[in-house]
Amino acid sequence: MPRSVPHFKIITSIMNHPKTTAMWGDNNLLAMYVRLGVLAIERFADRSDNSFLVHDRELALITGNGRADIARRSLQRLADLSPMSVERQGDVWLITFPNLAERQGFHRKNGKLRAP
């Protein structure tokens, strides 16, 4: 079976799910969520407990804001309004997408991990 191209799926219930409806209504938050989702796949978060690291220097590209204080607040606001969580560890952020591997379809039905 050929390998699939790495991808990050967003399900349509994001518009009306209680955990994501506030994020859906804010273009900046939705863009950050998508960018972080793509980074999660690119950095193999599905293989590392659905978590990955983002450096403070990367926040400007992720949030679309060059000011570090605003970028940090934007990231924290996204975490407050979405199912993902963030934890600052010095100048690095630990980003966690709950159930990333399962929601992205990286697990087979028999429970073994399938690479994207």
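Everything below is about the structure shown above.
Residues numbered from 1 in each chain as written. Predicted model: local features only at pLDDT ≥ 70, side-chain atom pairs only at ≥ 80, totals over all residues. Heavy atoms only, no water.

Let's shift gears to the overall build of the protein. Helices and strands together make up the secondary structure of the protein, namely five helices and three strands. The helix and strand sequence of the protein, counted from the amino end, reads α-α-β-α-α-β-β-α. Put simply, the protein has 116 residues, and 37% of those count as buried. Here the analysis covers contacts within the protein between residues at least 6 apart in sequence; of these, 59% occur between residues at least 24 apart. (Helix = DSSP H or I, 4+ residues; strand = E, 2+ residues; numbered from the N terminus. Buried < 20%, exposed > 50% of the residue type's maximum accessible area, 1.4 Å probe, protein only. Contact = heavy atoms within 4.5 Å.)

On the secondary structure map, A79 appears in helix α4 (residues 68-81). Judged by relative accessible area, which is 12%, A79 ranks as buried. Residues contacting A79, with those up to four places away along its chain left out, are M84, S85 and V86.

What follows concerns the nonpolar core. Membership of the largest hydrophobic core comes to 25 residues, with the highest contact counts inside it found for Y33, L36, F52, L78, M84, I95 and F97. Those elements that provide at least two residues to this core are α2 (27-42), β1 (51-55), α3 (59-63), α4 and β3 (92-96). No other element matches α2, which puts eight residues into this core. The contact partners of L78, leaving out residues within four places of it in the chain, are M23, L29, M32, Y33, L36 and M84. (Core = buried A, V, L, I, M, F, W, Y, C linked by side-chain atoms within 4.5 Å.)

What follows is about the pairing of strand β2 (residues 85-89). The side chains of a regular strand alternate, first on one face of the sheet and then on the other. Judged from the five bridges that link them, β2 and β3 form a sheet pairing that is antiparallel. When the sheet's bridge partners are listed, Q89 is paired in β3 with V92. Once β2 ends, the chain turns through two residues before running back antiparallel as β3, passing G90 with a positive phi of about 75 degrees. (Pairing = 2+ DSSP bridges.)

Within this structure, the stated rule accounts for two aromatic pairs. Plain terms: the ring middles of Y33 and F97 are 5.4 Å apart, the flat faces sit at 55 degrees to each other, and that makes the pair tilted. Highlighted residues: Y33 in helix α2 and F97 in the loop between β3 and α5 (100-103), separated in sequence by 64 residues. Residue class for Y33 comes out buried when judged on its relative accessible area of 11%. An aromatic cluster is defined as three or more aromatic residues linked by ring pairs; in this entry it consists of Y33, F52 and F97. (Phe/Tyr/Trp six-rings, centres within 6.5 Å; stacked < 30°, edge-to-face > 60°.)

At a closest axis distance of 10 Å, the pairing of α2 and α4 adopts a crossing angle of 90 degrees. Taken together, α2 and α4 sit at an angle that is classed as roughly perpendicular. Residues L29, M32, Y33 and L36 of α2 form the contact with α4, whose own contacting residues are S74, L75, R77, L78 and L81. Its residues assigned to classes, the contact of α2 with α4 comprises seven nonpolar, one polar and one charged. (Axes fitted to C-alpha atoms, helices over the stretch in contact; angles between N-to-C directions. Parallel < 35°, antiparallel > 145°, perpendicular 65-115°, else oblique. Nonpolar A, V, L, I, M, F, W, Y, C, P; charged D, E, K, R; others polar.)

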